[in-house]
Amino acid sequence: MHETSGGDGPHRSRWTRGQAASIERRHGNVAPPAGPPTVDPFPELHVWDTWLLRDRHGEIADVDGYRLAFSLTAPADLLPGTRHDVAEIRCFYSADGETWRDAGAVFDGGALGQRQWAGSALYDDGDLYLYYTAAGRDDADELTYTQRIAVAHGGTVAATDEGIELAGPWTHETLLEPDGDWYETEAQSRGMTYTFRDPWFFEDPATGETHLLFEANVPAPEREGDDAETTERRAFNGCIGVAASPSDDPLSWELRPPLLDSLEVNQELERPHVVVADGRYYLFVCSHVHTFAPGVTGPDGLYGFVADAFGGEYRPLNGSGLVATNPPSAPFQAYSWMAFAHDEEVLIQSFLNYHDFAGDSLDAVAELPEAEQRDRFGGTLAPTLRLAVDGDRTRLLGALDAWRIPTPDESLPPADGSELPADFDEGVAEAGTGPAAGYYGEF
């Protein structure tokens, strides 16, 4: 797994085509069908990419008895496919992890970019840091897709008699931009859209060193002597980037080489984040069916890797990397999974995407009547998945209700995976067969 990338960059872990070739839906990695939302506390909003406020050690932060979630949102009367163009970050809060209230839009102007995309939030000794993706050039008249890593700080969060209140003024700063050597710039990109987004704060419990993880692409220019197929595959060049703060200052970061790349495998490794369990580092990303390179097939899903140290080397979980995906009857029902530890399990929250659409590509959604596009889109949080983790293996156990984030001392009901689907489309292996069969037995 740990390979030398030659001209593509320094020594780093790689998700290889051989590993990704064993991706399959199996009992244990397929979520139950969700159906239309049964819980939607904010029907006036489209709610999608969501992240919880955490402390420096990665624990879910407590603000005077409340826990906070930050989400990308847009008005629900917009067509779902246009929501990314006007995304703004809102804050929701809950005392019991079940009933949520809206604290409103976080920024009242001043944020960088034409709109803001996903990030992470740090609560550190009472100080609040909101890392986000500044998407689009601030001075452009038309919508652009330039991306850079930004932070907002200086604002306050407090519990009042009415609930949680966030207040400015906020100071917004650009923290990181692609350098063109380790991380591809927009000008270097070819084929699919480039990525430099999704900052996620992480402090290594073993060393105390602080990092920002992010999604990016490694430079992979055309090479003399490559055939047309190789040249096409090299445009699929996703990586998990990282920056370090030598002083542990949440506002001061230096680029480091990527932790892992997926050259010739996948172009987008979205929302990278780490869960530490039993001394191992579980590195999770989200990806789409349409971002896999030619000759490699994988569904929309949560993918993961494991290492014995933050720097690697990383091995794909379950042999292939696939941790959780949607049922074949609704292959786009959820997306933007984010994992966090709870008791002896890992819980996974995501948003309810197109819960009633079984096409091969989301591009076909745009061909539906507008009313039907809205009806098939969830635009709220999906059921929270329960995941068992053991070494290099993972297994889904079941699901909790949507918007369910258990309190720290809350015990979960028994789960044995019996609610998970077991029958899949013809040609997709059942549990106990195929090259990665051993990864889904009993722990």
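For the structure itself, look to the data block above.
Residues numbered from 1 in each chain as written. Predicted model: local features only at pLDDT ≥ 70, side-chain atom pairs only at ≥ 80, totals over all residues. Heavy atoms only, no water.

**As for the overall build of the protein**
Counting its secondary structure elements, the protein contains 3 helices and 26 strands. Here the protein has a C-alpha radius of gyration of 21 Å; the compact-globule value for 443 residues is 22 Å, and the two agree. Viewed in the frame of its principal axes, the protein has a C-alpha envelope of about 60 × 50 × 50 Å. Residues classed as buried in the protein amount to 59% of the 443 residues present. Entry remark: accessible area of the protein is about 17,400 Å², with carbon and sulfur atoms responsible for 46%. (Helix = DSSP H or I, 4+ residues; strand = E, 2+ residues; numbered from the N terminus. Rg over C-alpha atoms; globule rule 2.2 N^0.38 Å. Buried < 20%, exposed > 50% of the residue type's maximum accessible area, 1.4 Å probe, protein only. Areas by Shrake-Rupley, 256 points an atom, 1.4 Å probe, with all protein chains shown as cover.)

**Regarding the pairing of strand β10 (residues 156–160)**
Here β10 pairs with strand β11 (residues 163–167) via 5 bridges, running antiparallel. Its bridge partner lying in β11, T160 is registered against G163. Counting the residues that bridge the hairpin from β10 to β11 gives 2 residues. (Pairing = 2+ DSSP bridges.)

**Let's talk about the sheet that holds strand β6 (residues 101–105)**
Ordered in space as β6-β5-β4-β3-β7-β8-β9-β12, the 8 strands form an open sheet in which the pairing is mixed. The strands lining the two open edges of the sheet, one partner per strand, are β6 and β12 (171–176). In this sheet, neighbouring strand axes are inclined to one another by 30° on average, regardless of whether the strands run parallel or antiparallel. Both strand β8 (residues 127–135) and strand β9 (residues 147–153) contribute to a ladder of 7 bridges, which runs antiparallel. When the bridges of β9 are listed, A135 appears paired with Q147. (Axes fitted to C-alpha atoms, helices over the stretch in contact; angles between N-to-C directions.)

**Brief notes about the side chain of T394**
Tracing the sequence through the fold places T394 in strand β26 (residues 393–402). A polar contact of 2.8 Å, which involves the side chain of T394, links it to the side chain of N318. (Polar contact = N/O pair within 3.5 Å; in protein donor to acceptor, adjacent residues only side chain to side chain.)

**Remarks on the environment of G304**
Along the chain, G304 turns up in strand β19 (residues 301–307). In the structure, G304 is positioned 36 residues away from F340 in sequence and 13 Å away in space, judged by C-alpha atoms. Apart from the residues lying within four places of it in its own chain, the contact partners of G304 are L283, F284, R315, P316, L317, G321 and V323. (Contact = heavy atoms within 4.5 Å.)

**Structural notes on the pattern of salt bridges**
Side-chain pairs of opposite charge can arise whenever the charged atoms involved come near each other. Inspection of the entire model under this criterion finds 22 salt bridges. Between D138 and R148 there is a salt bridge, with the nearest N and O atoms lying 2.5 Å from each other. Pair noted here: D138 is in the loop between β8 and β9 and R148 is in strand β9, with a separation of 10 residues, a long-range link. When the shortest N-O distance is used, the salt bridge between R376 and E372 registers 2.5 Å. Taken as a pair, R376 and E372 lie in helix α3 (residues 370–376) at a separation of 4 residues, close to a single helical turn. The network of salt bridges with shared partners includes R197, E215, E268 and E270. (Salt bridge = Lys/Arg side-chain N within 4 Å of Asp/Glu carboxyl O.)

**Quick look at the nonpolar core**
One finds L68, F70 and L166 to be the most contacted residues of the largest nonpolar core, which totals 78 residues. The contacts of L166, once residues within four sequence positions are left out, are L68, F70, C91, A103, V106, L128, T156 and V157. Formed by 46 residues, the second largest nonpolar core is a distinct cluster that contains F202, W253, V265 and L322. (Core = buried A, V, L, I, M, F, W, Y, C linked by side-chain atoms within 4.5 Å.)

**Considering the environment of L175**
Here L175 shows up in strand β12. By relative accessible area, which is 14% here, L175 ends up buried. As for L175 and I149, which are separated by 26 residues in sequence, their C-alpha atoms are 5.5 Å apart. Aside from chain neighbours lying at most four places away, what touches L175 is Y131, I149, A150, V151, L212, L251 and W253.

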